[in-house]
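Here's the letter readout for the chains.
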Amino acid sequence: MTAKNMEDLVSLCKRRGFIFQSNDVYGGMKGLYDFGPMGVELKMNLKNSWWRSIVYERDDIEGLDSTILTSPTVLKYSGHEDTFSDPLVDCKQCKSRWRADQLDNNQCPSCSSNDLTEPRPFNLMFKTAIGPVDDGSSFAYLRPETAQQIFVNFKNIIDSTSRTPPFGIAQIGKSFRNEITPRNFIFRVREFEQMELEFFVKPGSDEDWHKYWVDQRLKWWSEQGVSSDKLKLLEVEKEELSHYSKATFDIMYEFPHGLEELEGVANRTDFDLGSHTKNQEDYEIKAKVTPNNSSTTKLAIQDLESKKWYIPFVIEPSAGVERGVLAILNEAYTQEEENNRTVLKLKSHLSPIKAAVIPLKRNNSDLVNLANKIKSELQSLGLGRVMIENSGNIGKNYRRHDEIGTPMCITIDFETLENQSVTVRDRDTMKQDRVDLSNISTYYSNYFKKN
Ligand code: ATP
């Protein structure tokens, strides 16, 4: 089951501490959101799951954490200064501004007028001054994608790790886009995180690798609890492709507001490494080298057998963390009329809280001490956050933990003091088990092995 509409999710996220409007006390800022106590855990768990599957569970991918502030030269040669724009129109009637390609019947969504200006390109990159004097002479961009810093670190990484294609470089981090119309909660925002992999391959093998990565990514999303029947693969039309792409498959998801892109998997060819490479004559290759490029680095590979230099092609699966969180919340959201409850049926590896330990009476020091001991024992197993719930009202605690998706609640009652056993309540079935204290760690870890 999924949420009926976006309002259900927005309201749950605020009520239970997942996501808040940013700068809320001063009226909020459009297109910016903060992740609260539950949101930060969910987001981190999603990113860790990506990193585990992309870096740890394979042996052909290295990680990177590069700066957000990016030299304008990098974004000049990557093509972003010239082409990273959306078509902007102004409504002459009500003075509002819109993205031309998102309008129905060329009509202003605010006042329905058709009296709009001609579309003009609006560059989506944020600029900021570098150094103490803001006279425009020294500036940087906030990166619009994490990918460019992977390309300009290509040589550092192959020199320090001796990698040869096929291999990849992965990065998770913030990206910034000055979207004309941020909307649909955290779907389209101005500051977001991306999980990006640049996978370098020999030219000629790129199309097979492209298919391989599309399959891998679809599989990964379903392991995060996104149902396959809500995912659709869409090949981007040639005329809609980004400037660097030979072919792109968008992984689309049925969000509460409609079918939209969750992740893009692009074949970026040798465009980026070629553009950042100087002295074309150094190579026995014809790369797309921009004339007068001031980079002094060879972003190429020498084939060990033929000794010829070539620029690898790159396949890029690029997923948005916020869009992932939104899809996962939507999938997990379940309204159970028969039990009069809302429950987030999250995959247990994504749950913000893995277990809540609840002393039945908050003022009873025997119960509270035992709860603290169990919390420490389970916390030390390193599976994620375990918390003490010491507010006293057991019914309220169960309701809260159902809504934040905690897989199990462990209640310490007076029987515990007598027979050293606790009640464990399962989130999905609401079934209660009596478990011996001596067995609680094993019970807990077995649950996470199975679910
Ligand atoms: P869209 O067409 O929806 O604007 P895009 O094609 O420009 O997206 P890419 O450049 O392919 O997006 O970026 C890769 C991923 O980064 C997207 O699939 C999406 O998950 C995420 N992303 C891009 N822009 C935003 C945004 N403004 N807010 C949230 N996530 C975003």
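Located above this text is the structure these notes cover.
In what follows, the accompanying structure is described. (Residues numbered from 1 in each chain as written. Predicted model: local features only at pLDDT ≥ 70, side-chain atom pairs only at ≥ 80, totals over all residues. Heavy atoms only, no water.)

**Considerations on the sheet that holds strand β23 (residues 421-426)**
Moving on, step 1. Taking strand neighbours across the sheet as the criterion, the 5 strands line up as β21-β20-β22-β23-β24 in an open arrangement whose pairing is mixed. Across the chains shown, the open sheet's two edge strands, defined by having one partner strand only, are β21 (385-388) and β24 (432-436). Across the sheet, the axes of successive neighbouring strands diverge by a mean angle of 25 degrees, strand direction being ignored.
Moving on, step 2. Note that strand β22 (residues 408-412) and β23 share 4 bridges and pair antiparallel. In the strand pairing of β23, Met408 is matched with Asp426. (Pairing = 2+ DSSP bridges. Helix = DSSP H or I, 4+ residues; strand = E, 2+ residues; numbered from the N terminus. Axes fitted to C-alpha atoms, helices over the stretch in contact; angles between N-to-C directions.)

**Regarding the site of the ligand**
Moving on, step 1. What surrounds the ligand is a group of 15 residues, the closest being Glu179, Arg188, Val189, Glu261 and Leu262.
Moving on, step 2. At a separation of 2.8 Å, an oxygen atom of the ligand approaches a polar side-chain atom of Arg188.
Moving on, step 3. Between the ligand and Gly320 there is a distance of 2.9 Å, counted from an oxygen atom to a backbone nitrogen or oxygen.
Moving on, step 4. For the ligand, the accessible surface in isolation is 590 Å², of which the surrounding protein chains cover 83%.
Moving on, step 5. Taken together, the elements giving at least two residues each to the shell around the ligand come down to β11 (191-201), β14 (258-269) and β17 (313-320).
Moving on, step 6. Top element by residues in the shell around the ligand is β14. It accounts for 4 residues.
Moving on, step 7. A breakdown of the residues in the shell around the ligand according to their chemical character gives 5 nonpolar, 4 polar and 6 charged. (Near = heavy atom within 4 Å. Polar contact = N/O pair within 3.5 Å; in protein donor to acceptor, adjacent residues only side chain to side chain. Areas by Shrake-Rupley, 256 points an atom, 1.4 Å probe, with all protein chains shown as cover. Nonpolar A, V, L, I, M, F, W, Y, C, P; charged D, E, K, R; others polar.)

**Some thoughts on the packing of helix α2 (residues 37-56) against helix α9 (residues 321-332)**
Packed helix pairs are characterised by how far apart their axes lie and by the angle those axes make with each other.
Moving on, step 1. Contact geometry of α2 with α9 gives a least axis separation of 10 Å together with a crossing angle of 110 degrees. Classified by the angle between their axes, α2 and α9 sit roughly perpendicular to one another. Together, Leu42, Lys43, Leu46 and Lys47 of α2 and Val321, Glu322, Gly324, Val325, Ile328 and Leu329 of α9 make up the contact between the two elements.
Moving on, step 2. In terms of residue class, the contact of α2 with α9 is built from 6 nonpolar, 1 polar and 3 charged. (Parallel < 35°, antiparallel > 145°, perpendicular 65-115°, else oblique. Contact = heavy atoms within 4.5 Å.)

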